[in-house]
Amino acid sequence: MTSSTSSTPTAASPDAGTREVELLIGGMTCASCAARVEKKLNRMDGVTATVNFATEKAKVSYPPGVEVADLIDTVVRTGYTAEEPPPPEPEPQPEQTPAGALTAPSAAEAEQAAARQRLVVSAVLAAPVVLLSMVPALQFDNWQWLALTLAAPVVIWGGLPFHRAAFTNARHGAATMDTLVSIGTLAAFGWSLWALFLGDAGRPGMHDEFRITVSRMDAASTIYLEVAAGVVAFILLGRYLEARSKRRAGAALRALLELGAKDVAVLRGGREVRIPVSALAVGDRFVVRPGEKIATDGTVVEGASAVDASMLTGESVPVDVGVGDAVTGATVNAGGRLVVEATRVGADTQLARMAKLVEDAQNGKAQVQRLADRISAVFVPVVLLIALGTLVGWLFVSGDVTASFTAAVAVLIIACPCALGLATPTALMAGTGRGAQLGILIKGPEVLESTRRVDTIVLDKTGTVTTGRMTLQEVHAAEGTDDKELLRLAGALEHASEHPVARAIAAGAEQAVGPLPTVEHFENVPGRGVRGRVEGHEVAVGRLFDELPEDVARARREAEEAGRTAVVVGWDGAARGVVAVADAAKDTSAEAVRQLRELGLRPVLLTGDNRAVAESVARTVGIDPADVVAEVLPEEKVEAVRRLQAEGRTVAMVGDGVNDAAALATADLGLAMGTGTDAAIEAGDLTLVRGDLRVAADAIRLSRRTLGTIKGNLVWAFGYNVAAVPLAAAGLLNPMIAGAAMAFSSVFVVSNSLRLRRFR
């Protein structure tokens with residue numbers, strides 16, 4: 001289990017005193033089982049539980065008067081097992097593992113190996129029985145006794161999991177899919193034993209042939225060994241493929257949990273000491289060499305390098321980092337040696353929080369799945385009644401015992417609610433897992449419905465559409481003045497200032513002309529600018545000039561009309577030119593807006609900046625100036641979203657700051673940039689780990705694709721049962737064909753969900 005998922009009942013929920021726990025549920029074989037466990041837990045006073053068949057987990061909220069042991073006891077009394085997830089075991093260090101030692105298989109691997117062995121043995125024994133029964137040319141004298149010898153271990157040992165589960169459920173007054181399979185196969189096998197030992201089916205020279213539909217035959221000479229053995233083999237195959245597919249659907253989350261480093265070189269008294277990552281504390285300084293994973297979230301305090309975050313965010317280009325830059329745990333140091341100070345450890349790290357978000361989403365249930373669960377809960381008893389009705393109806397209409405029995409067994413075997421139970425959770429597992437690989441975190445299944453309805457997307461400007469920092473955009477020197485000289489002197493003076501505009505000018509100058517000269521007698525003139533001596537010139541930057549040459553005034557006016565911050569530069573008492581800075585749009589924002597339009601969304605730019613700046617950015621990225629909402633205070637962002645909703649629009653909001661949190665929560669769908677604040681991420685429905693607006697379009701496409709897959713699965717699952725049960729009751733299906741159809745209906749649903757893993 002993940003270290004980020006707290007299984008101990010310590011975290012208080014919004015309800016005072018209410019605690020949460022996650023339980024691993026064992027013994028569930030179909031959606032009916034999950035529905036029963038959920039129903040029993042929810043009957044306890046103050047308990048709210050959600051049981052997920054695909055993940056085999058129960059998420060339970062319970063009041064102070066209830067203990068975890070009480071919850072487990074309720075599940076056990078229902079006929080299943082329950083336990084809290086075990087704490088993660090530290091991996092043995094290389095020196096602790098003897099050379100050539102074999103690692104013990106996990107419980108899941110051992111269970112899968114046992115299921116594979118049961119399937120292989122059953123299939124090998126059942127194949128000759130099916131062939132002998134279907135092909136009259138292979139039926140030698142007394143072939144039926146060989147068929148019985150081969151079929152008996154398949155029905156008894158191969159079908160033991162079904163019989164055991166059916167017996168356990170019967171003791172608790174319940175019926176599940178295992179009840180249907182067990183009754184159907186044992187009935188077919190029991191009929192065959194009666195016909196062989198007490199009827200005419202055991203005589204030498206007896207011949208049988210396979211029939212797709214029910215036909216009238218002498219009951220005493222009819223055997224169903226191929227049905228009993230074949231159905232068990234088919235359903236074991238279906239269960240095995242289903243389990244493998246479910247495991248593949250959850251592979252992305254397991255891969256995410258395994259991304260983190262296992263140990264770390266911590267600095268202790270100037271020496272490097274290797275310790276497990278779990279022993280790291282906030283404030284510890286640790287060394288990351290080239291090629292190593294960064295152990296936890298932190299800040300670089302020494303060194304410079306490029307960090308590859310592709311496995312965590314999906315971003316393929318490494319990011320340069322230096323002293324003072326934040327780095328994320330589980331990313332890879334691709335360049336030089338770094339010393340990092342830990343700022344977050346354990347469950348507080350970005351990796352742990354990502355894993356928790358994904359796991360919570362996978363354990364959630366969409367509204368449509370709750371309907372499927374309610375149907376599954378009553379489906380099996382209804383099917384038992386339909387099978388009994390089929391038996392009585394055929395006997396009354398035809399008087400043929402064989403045909404009546406065949407039709408009733410076919411109804412029992414084909415009607416399985418497994419596909420209904422798997423339709424939503426497997427698609428959620430695959431979709432949210434793939435999203436995590438691409439840097440998209442979906443908070444829950446209800447979010448998917450919102451993405452389908454959204455028609456307007458509000459984009460916060462600063463840090464979302466733009467870079468969130470000032471950069472040098474333009475240099476205009478007056479006649480007789482060199483651009484580089486203007487930029488060099490302005491950059492040198494501004495290098496001594498901490499103002500964001502000054503830093504942008506200094507950084508741009510350093511990049512354009514190289515090292516900057518030093519400044520003497522630097523002076524900050526509040527509200528007007530800065531001045532100082534550079535290389536013998538008295539340089540001034542800002543609003544410190546009484547008169548401007550015509551070309552300088554015109555350049556300043558044009559820059560301001562374009563939404564830029566224009567700064568006048570001069571020396572020795574004369575204005576010599578203008579440098580303009582702006583919070584520039586990200587390189588990918590225009591492409592992101594185009595993709596959002598292709599999804600049928602109308603982009604709206606929202607900002608506290610003045611309208612000229614906002615409209616300039618809007619034009620750059622392709623947003624209509626009429627769809628710009630500018631000069632709004634942080635608290636007015638909520639009102640802007642509500643106004644759009646009042647116009648009948650379904651609104652999505654993308655933001656990254658503390659001042660965006662309320663608007664994100666107000667919007668019908670909130671998309672928080674993961675590069676932003678914790679408040680924004682907490683308020684959002686979707687978290688975009690990368691600071692690239694194109695991921696917003698990817699997130700909406702993935703969410704819509706996941707929702708479409710869920711609906712496709714449910715249409716198939718409902719349609720299969722609605723069509724299959726009447727066909728079986730009408731005598732149009734052989735029980736063995738029914739068994740194969742039932743087994744592969746679940747496999748189809750899971751395989752369809754797995755297509756989401758190929759989302760690009």
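The rules behind each value
- Note that residues are indexed from 1 along each chain, following the sequence as it is written.
- For this predicted model, a pLDDT threshold of at least 70 governs which residues receive local features, and a threshold of 80 or more governs which side-chain atom pairs are given and counted, while totals over whole chains, interfaces and linings are taken from all residues.
- Side-chain measures here rest on the full set of heavy atoms in the structure, leaving out hydrogens and waters.
- Each pair of strands is called paired provided DSSP finds at least two bridges between the two strands.
- Numbering of helices and strands runs from the N terminus; a helix is a DSSP stretch of H or I covering at least four residues, while a strand is a stretch of E covering at least two.
- Residues count as neighbours in contact if any of their non-hydrogen atoms are within 4.5 Å of one another.
- For helices, the fitted axis covers only the stretch in contact; all axes are lines through C-alpha atoms, and the angles between them, taken along N-to-C directions, range from 0 to 180 degrees.
- Orientation is classified from the angle alone, with under 35 degrees giving roughly parallel, over 145 giving roughly antiparallel, 65 to 115 giving roughly perpendicular, and any other angle giving oblique.
- Left-handed describes a crossing in which the near helix is turned anticlockwise from the far one by less than a right angle; the clockwise case is right-handed.
- Ten residue types, Ala, Val, Leu, Ile, Met, Phe, Trp, Tyr, Cys and Pro, are classed as nonpolar, four, Asp, Glu, Lys and Arg, as charged, and the remainder, Gly among them, as polar.
- In this scheme Phe, Tyr and Trp rings, the latter by its six-membered ring, pair at centre separations within 6.5 Å, and the angle between planes marks the pair as stacked below 30 degrees, edge-to-face above 60, and tilted otherwise.
- Think of it in three bands: with a 1.4 Å probe and only protein chains considered, a residue is buried below 20% of the maximum accessible area for its type, exposed above 50%, and partly exposed in between.
- When a carboxyl oxygen of Asp or Glu lies within 4 Å of a side-chain nitrogen of Lys or Arg, that pair is called a salt bridge.
- UniProt positions are given in the numbering used here, feature names are shortened, and annotations may be inferred rather than shown by experiment.
- What makes a nonpolar core is a set of buried Ala, Val, Leu, Ile, Met, Phe, Trp, Tyr and Cys residues whose side-chain atoms join them at distances within 4.5 Å.

To continue, consider the sheet that holds strand β25 (residues 669-673). Across the sheet, which stays open at both edges, the seven strands sit in the order β14-β26-β25-β24-β15-β22-β23 with mixed pairing between neighbours. Every interior strand has two partners, whereas the edge strands, β14 (440-442) and β23 (628-629), have only one. With three bridges connecting them, β25 and strand β26 (residues 686-688) associate as parallel partners. From the neighbouring strand, Leu-671 faces β26, where its bridge partner is Leu-686. On the sheet, helix α14 (residues 445-453) packs against β14, β25 and β26 and is oriented at approximately 105° with respect to β25.

It is worth spelling out the packing of helix α19 (residues 589-598) against helix α24 (residues 694-729) at this point. Contact geometry of α19 with α24 gives a least axis separation of 7 Å together with a crossing angle of 25°. In terms of their interaxial angle, α19 and α24 are classed as roughly parallel. Crossing angle aside, the handedness with which α19 passes α24 is left-handed. Residues Glu-591, Ala-592, Gln-595 and Leu-596 of α19 lie in contact with α24, whose contacting residues are Arg-694, Ala-696, Ala-697, Asp-698 and Ile-700. Broken down by class, the residue content of the contact of α19 with α24 amounts to five nonpolar, one polar and three charged.

Glancing now at the packing of aromatic side chains. Taken as a whole, this structure holds four aromatic pairs when the rule is applied. Both rings, one in Trp-145 and one in Phe-197, keep their centres 5.3 Å apart while their planes meet at 70°; by these two values the pair is edge-to-face. One end of the pair, Trp-145, is in helix α4 (residues 143-158); the other, Phe-197, is in helix α6 (residues 177-197), and 52 residues separate them in sequence. In this structure Phe-197 comes out as exposed when scored by relative accessible area, which is 53%. Aromatic side chains Trp-191 and Trp-194 sit 5.9 Å apart centroid to centroid with 70° between the ring planes, which places their arrangement in the edge-to-face category. Of the two residues, Trp-191 and Trp-194 both sit in helix α6, three residues apart, roughly one turn of that helix. Overall, the relative accessible area of 12% leaves Trp-191 in the buried class. Trp-194 sits in the partly exposed class, given a relative accessible area of 38%.

Attention now goes to the sheet that holds strand β2 (residues 48-52). Reading across from one edge, β2-β3-β1-β4 is the order of the four strands in this open sheet, with antiparallel pairing throughout. Edge strands, defined here as strands with exactly one partner in the open sheet, are β2 and β4 (81-83). Direction aside, the axes of adjacent strands within the sheet are offset by 25° on average. Across five bridges, the pairing between β2 and strand β3 (residues 57-62) is antiparallel.

Here we come to the environment of Ala-174. Positionally, Ala-174 belongs in the loop between α5 (160-171) and α6. Overall, Ala-174 belongs to the buried group, its relative accessible area being 15%. C-alpha separation for the pair Ala-174 and Cys-33, spaced 141 residues apart in sequence, amounts to 9.1 Å. Sequence-distant contacts of Ala-174, defined by excluding residues within four places in its chain, comprise Arg-36, Asn-169 and Thr-179.

What follows covers the environment of Phe-759. Structurally, the position occupied by Phe-759 is in the segment after α25 (735-754). Along the backbone, Phe-759 and Arg-434 are 325 residues apart, and their C-alpha atoms lie at a distance of 7.3 Å.

Here we come to the pairing of strand β18 (residues 529-534). Bridge count between strand β17 (residues 520-525) and β18: four bridges; the pairing is antiparallel. Across the sheet, the residue bridging to Glu-523 is Arg-531, located in β18. Connecting β18 to the next strand, strand β19 (residues 537-542), in antiparallel fashion are two residues, including Glu-535 with a positive phi near 50°.

The subject of this paragraph is the pattern of salt bridges. On inspection of all chains with the given rule, the structure shows 22 salt bridges. Residue Glu-272 pairs with Arg-289 through a salt bridge whose shortest N-O separation is 2.8 Å. On the criterion of sequence distance, the pair formed by Glu-272 in strand β6 (residues 271-276) and Arg-289 in the loop between β7 (285-288) and β8 (297-302) is long-range, its members being 17 residues apart. Since its relative accessible area comes to 33%, Arg-289 is described here as partly exposed. The exposure class of Glu-272 is partly exposed, given its relative accessible area of 33%.

One non-glycine residue, Asn-142, lies in positive phi territory at about 65°. Counting through the fold element by element, Asn-142 comes out in the loop between α3 (107-134) and α4. Using a relative accessible area of 33% as the deciding quantity, one classes Asn-142 as partly exposed. Despite not being glycine, Glu-535 shows a phi value in the positive range, around 50°.

Here the UniProt-annotated "transmembrane region" (unreviewed entry) positions come out as residues 119-139, 145-167, 179-199, 219-238, 375-397, 403-424, 713-730 and 736-754. Between the C-alpha atoms that bound residues 145-167 there is a distance of 29 Å. The span itself is 96% helix and 0% strand. Overall, residues 713-730 shows 94% helix and 0% strand. The separation of its end C-alpha atoms is 26 Å.

Side chains of nonpolar character tend, in soluble globular proteins, to be buried together. Counting residues in hydrophobic clusters, the biggest one holds 130 residues, and the most contacted among them are Ile-25, Leu-41, Val-60, Leu-71, Leu-225, Leu-459 and Leu-671. At 14 residues, the largest contribution of residues to this core is made by α24. Excluding its chain neighbours within four sequence positions, the residues that come into contact with Leu-671 are Ala-652, Met-653, Val-654, Gly-655, Leu-664, Leu-686, Leu-688, Ala-696, Ala-699 and Ile-700. Core analysis: the second largest hydrophobic core is formed by 21 residues, Ile-505, Ala-509, Val-534 and Val-539 among them.

A word on the packing of α5 against α6. Axis separation between α5 and α6 bottoms out at 8 Å; the angle between their running directions is 120°. The two elements α5 and α6 meet at a crossing, and its hand is left-handed. Taking contact as the criterion, the partners of Phe-162, His-163, Ala-165 and Ala-166 in α5 are, on α6, Asp-178, Thr-179, Val-181, Ser-182, Thr-185 and Leu-186.

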